[in-house]
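# Working through the structure, step by step
The primary structure of each chain is shown beneath.
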Amino acid sequence: MMDILYTGPVPADGESPMAVSEMSPSRAQQQPNSQRPNTCCFCWCCCCSCSCLTVRNEEDRRRKSLETRLETIPNCEACTKPTLEEIRVWAQSFDKLMKNPAGRNVFREFLRTEYSEENMLFWLACEDLKQEMNKNTVDEKARMIYEDYISILSPKEVSLDSRVREVINRKIQEPTPHTFEDAQLQIYTLMHRDSYPRFLNSSIYRSLVHPGSHTSSES
């Protein structure tokens, strides 16, 4: 009998040449793919499963999350950039801080880090209501203030005692520009006694008073 010359792929150890030659076409096509190395990290194809793409996707997710949070924060008050002298005046009294638009913005940024920004937002809303003269607009703004900051169902509810709440519940029936005056004073006092001392010792304020201290300490 004539010997058959085998010209197919080299068999693995322990596997006969005939077994390799009898391999089904589908298996022959799948075998090279199973041995293909993982795609390089520098590859831009969408099938790459490298960790570099995972990190990039995570960074994109965090950036979009931050942008979403920033979009939900109401715009700060328009103001000019404060001078160093003005910034130092904020430490003299809480009244001087609150009378300065830039000071209110910085203090509001600090309150945001303590998850109590609603106190400043409520105070500003009350200030805005006091300037309103149109009765229909007063009614509408008073209702919005009540729903946003007084209602126990609101996620931005401010902390008020029962006496002040009773006063508001009576006045809200016929709202005026001064309906929330007692509540505004109580929140103002709360920020003065509780948040203001921590603000003066915060990194936010100290970085403004001593802008070069961080850099000089590292050099």
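Here, every reference points to the structure presented above.
Rules used in this analysis
Residues numbered from 1 in each chain as written. Predicted model: local features only at pLDDT ≥ 70, side-chain atom pairs only at ≥ 80, totals over all residues. Heavy atoms only, no water. Core = buried A, V, L, I, M, F, W, Y, C linked by side-chain atoms within 4.5 Å. Buried < 20%, exposed > 50% of the residue type's maximum accessible area, 1.4 Å probe, protein only. Helix = DSSP H or I, 4+ residues; strand = E, 2+ residues; numbered from the N terminus. Contact = heavy atoms within 4.5 Å. Arc of directions from axis to C-beta. Polar contact = N/O pair within 3.5 Å; in protein donor to acceptor, adjacent residues only side chain to side chain. Salt bridge = Lys/Arg side-chain N within 4 Å of Asp/Glu carboxyl O. 1 Å grid on protein atoms, 1.4 Å probe; cavity = no way out; pocket = protein on both sides within 12 Å on 5 of 7 lines; lining within 4 Å. Points joined across faces, edges and corners; volume = space filled by probe spheres on them. Nonpolar A, V, L, I, M, F, W, Y, C, P; charged D, E, K, R; others polar. Axes fitted to C-alpha atoms, helices over the stretch in contact; angles between N-to-C directions. Left-handed = near helix turned anticlockwise from the far one by under 90°.

## Section: the nonpolar core
Inside soluble globular proteins, nonpolar side chains tend to come together where they are buried. Judged by nonpolar contacts, the single largest core of 37 residues is most densely connected at Phe107, Phe122 and Phe180. Those elements giving two or more residues to this core turn out to be helix H5 (94–98), helix H6 (101–113), helix H7 (117–130), helix H8 (135–150), helix H9 (162–171), helix H10 (181–200) and helix H11 (203–209). A per-element tally of this core places H7 first, with eight residues. Not counting chain neighbours up to four residues away, the residues in contact with Phe107 comprise Phe94, Leu97, Met98, Met120, Met191, Ser195, Tyr196 and Phe199.

## Section: unusual backbone geometry
Phi is positive for Tyr115, close to 60°, though the residue is something other than glycine. By the secondary structure assignment, Tyr115 is in the loop between H6 and H7.

## Some details on the environment of Glu109
Mapped onto the fold, Glu109 is located in helix H6. Each C-alpha atom, one on Glu109 and one on Cys76, is 9.3 Å from the other, the two residues being 33 residues apart in sequence.

## Overview of H9
Of the residues making up H9, those classed as buried are Val164, Arg165, Val167 and Ile168. Buried residues in H9, looked at end-on, bunch into an arc of 160°, giving them a common side. Turned more than 90 degrees off the buried face of H9, the exposed positions are Ser162 and Arg170. Those residues of H9 that are buried lie in contact with H8 and H10. With a side-chain oxygen positioned 3.3 Å from the backbone nitrogen of Arg163, the residue opening H9 is Asp161.

## So, the environment of Arg88
Here Arg88 lies in helix H4 (residues 84–89). For the pair Arg88 and Arg206, spaced 118 residues apart in the sequence, the C-alpha separation amounts to 9.8 Å. Ignoring any residue separated from it by four or fewer positions in sequence, one finds Arg88 in contact with Tyr205 and Val209.

## Describing the side chain of Ser195
Positionally, Ser195 belongs in helix H10. The class of Ser195 is buried, set by a relative accessible area of 4%. Once residues lying within four places of it in the same chain are set aside, the contact partners of Ser195 are Phe107, Phe110, Leu111, Glu114 and Leu190.

## Notes on the environment of Ser207
For Ser207, the location among the structural elements is in helix H11. On the accessibility criterion, Ser207 (40% relative accessible area) is partly exposed. Among the polar contacts listed, one links the side chain of Ser207 to the backbone oxygen of Ile204, at a separation of 2.8 Å.

## Regarding the pattern of salt bridges
Throughout the structure, instances matching the rule amount to twelve salt bridges. One salt bridge in this structure joins Asp128 and Lys141, with 2.8 Å as the shortest N-O distance. In this pair, Asp128 is assigned in helix H7 and Lys141 in helix H8, connecting sequence segments 13 residues apart. Residue classification places Lys141 among the partly exposed residues on the basis of a relative accessible area of 24%. Arg198 serves as the salt-bridge partner of Asp194, at 3.3 Å between the closest nitrogen and oxygen. Within this pair, Asp194 and its partner Arg198 are both found in helix H10, separated by four residues, close to a single helical turn. Several salt bridges share partner residues, and in doing so they unite Arg108, Glu109, Arg112 and Glu117 into one network.

## A word on the layout of surface pockets
Computed from the structure, the second largest pocket encloses a volume of approximately 210 Å³. As for the second largest pocket, its lining consists of Leu121, Leu124, Ala125, Asp128, Lys141, Met144, Ile145, Asp148 and Tyr149. Ranked by residue count, the leading element in the lining of the second largest pocket is H8, at five residues. In the lining of the second largest pocket, the residues fall into six nonpolar, no polar and three charged.

## Concerning the packing of H7 against H10
At a minimum axis separation of 10 Å, H7 and H10 run at an interaxial angle of 145°. In this structure, H7 meets H10 at a crossing whose hand is left-handed. Note on element contacts: H10 touches H7 through Glu181, Ala183, Gln184, Ile187, Tyr188, Leu190 and Met191, opposite Asn119, Met120, Phe122, Trp123, Cys126, Glu127 and Lys130. Looking at the contact of H7 with H10 residue by residue, the class counts come to nine nonpolar, two polar and three charged.

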